[in-house]
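# An overview of the molecular structure
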Amino acid sequence: MQGLQCHPLPAKTDLANPAPAVAVRRRRTTALSIDGQDETPESRIERLIREHLVVIFARRGCCMCHVMKRLLAAVGSHPSVIEIEENEVGIFAGSGLPALFVGGEPVGGIEGLMGLHLAGRLVPRLREVGAIYG
């Protein structure tokens, strides 16, 4: 069957002779902020742009974001999509949403993406930043 992977079963443990209990000393740790709760919305967005080769910022349920994802997937790139919270929408006031960034550089919205694609510059740009191979 397609899409299925077989993994070996874990080794059986000897229930008659279980491993001796080991005392575990717990260290005090600080909380890990995965979502960057300590950062401002502007610095969070800048960090996400740096961390992802191809990223789309959009509002939840944005149909143009879906179109952008489909076009990028059709050429072999799979962008990260970040849903923008209401308090972060003002950051994109000049460019609007959805906003596409490729290799840390702004492309724009659907118009910018379509312009690159129709001009034949989308795939070379994605290859240049390492978002697609071949």
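As a convention, each chain's residues are numbered from 1 in the sequence order in which they are written. The predicted nature of this model means local features are confined to residues of pLDDT at least 70 and side-chain atom pairs, given and counted, to a pLDDT of 80 or more, with totals for whole chains, interfaces and linings taken over all residues. Note that the side-chain values use all heavy atoms of the structure and ignore hydrogens as well as water.

### A short note on the overall build of the protein
By definition, any uninterrupted DSSP run of H or I lasting at least four residues is a helix, any uninterrupted run of E lasting at least two residues is a strand, and each is numbered from the N terminus. What the protein contains, in helices and strands, is four helices and four strands. Written out in order from the N terminus, the α and β elements of the protein read α-β-α-β-β-β-α-α. Burial analysis of the protein (134 residues in total) assigns 28% to the buried set. Contacts between residues were defined by any pair of non-hydrogen atoms, one from each residue, lying within 4.5 Å. Taking as baseline every contact in the protein between residues at least 6 positions apart, the subset at least 24 positions apart corresponds to 65%. The Shrake-Rupley method, run with a 1.4 Å probe, gives the accessible areas here. Residue values count only the displayed protein chains as cover. Accessible area of the protein: about 10,300 Å², with a carbon and sulfur share of 54%. Three labels apply to residues, based on accessible area from a 1.4 Å probe with only protein chains included: buried if under 20% of the type maximum, exposed if over 50%, partly exposed otherwise in between.

### Section: the packing of helix α2 (residues 63-74) against helix α3 (residues 110-118)
Remark: α2 packs on α3, axes separated minimally by 10 Å, with the N-to-C direction vectors making an angle of 20°. Relative to α3, the element α2 is oriented roughly parallel. When you trace α2 past α3, the crossing you get is left-handed. Every residue of α3 that contacts α2 at M64, V67, M68, L71 and L72 is listed here: I110, L113, M114 and H117. Where helices are involved, their axes are fitted lines through C-alpha atoms of the stretch in contact, as for all axes, and angles between N-to-C directions lie from 0 to 180°. Roughly parallel means an angle under 35 degrees; roughly antiparallel, over 145; roughly perpendicular, 65 to 115; everything else is oblique. Left-handed describes a crossing whose near helix is turned anticlockwise from the far helix through less than a right angle; right-handed describes the clockwise counterpart.

### Notes on the environment of S77
Within the fold, S77 resides in the loop between α2 and β2 (80-83). Setting aside residues no more than four positions away along its own chain, S77 makes contact with V54, L72, L126, A131 and I132.

### Some points on the nonpolar core
V54, I56, L72, L100, L113 and L126 are the most contacted members of the largest nonpolar core, which has 17 residues in total. Of all elements in the fold, only β1 (54-58), α2, β3 (99-102), α3 and α4 (122-129) reach the threshold of two or more residues within this core. Here this core gets four residues from one element, more than from any other, and that element is α2. Every residue in contact with L72, bar those within four places of it in the chain, is listed here: V54, I56, S77, P79, L100, L113, L122 and L126. In this structure, I45, L48, I84 and F92 belong to the second largest nonpolar core, which totals eleven residues. The nonpolar core is taken to be a set of buried Ala, Val, Leu, Ile, Met, Phe, Trp, Tyr and Cys residues, with the residues joined through side-chain atoms within 4.5 Å.

### A word on the packing of aromatic side chains
How two aromatic rings sit relative to each other is given by the distance of their centres and the angle of their planes. Centres within 6.5 Å make a pair out of two Phe, Tyr or Trp rings, where for Trp the six-membered ring is used; the pair is then stacked when the planes are under 30 degrees apart, edge-to-face when over 60, and tilted otherwise. Following the criterion strictly, the structure yields two aromatic pairs and no others. Measuring from ring centre to ring centre gives 5.8 Å for F57 and F101, while their planes differ by 85°; the resulting arrangement is edge-to-face. Of this pair, F57 sits in strand β1 while F101 sits in strand β3, placing them 44 residues apart in sequence. Take F57 and F101: they sit in the same class, and that class is buried.

### A closer look at the pairing of β3
Both faces of β3 are covered, namely the face carrying A99 and F101 and the face carrying L100 and V102. As paired strands, β1 and β3 are joined by four bridges and run antiparallel to one another. Within β3, the position partnered with V54 by the bridge is V102. Whether two strands pair depends on DSSP finding at least two bridges between them. Here β3 runs beside strand β4 (residues 105-108); their pairing, made up of three bridges, is antiparallel.

### Quick notes on unusual backbone geometry
In the segment running from L97 into P98, the intervening peptide bond is cis, with an omega of 0°. Note on placement: P98 falls in the loop between β2 and β3.

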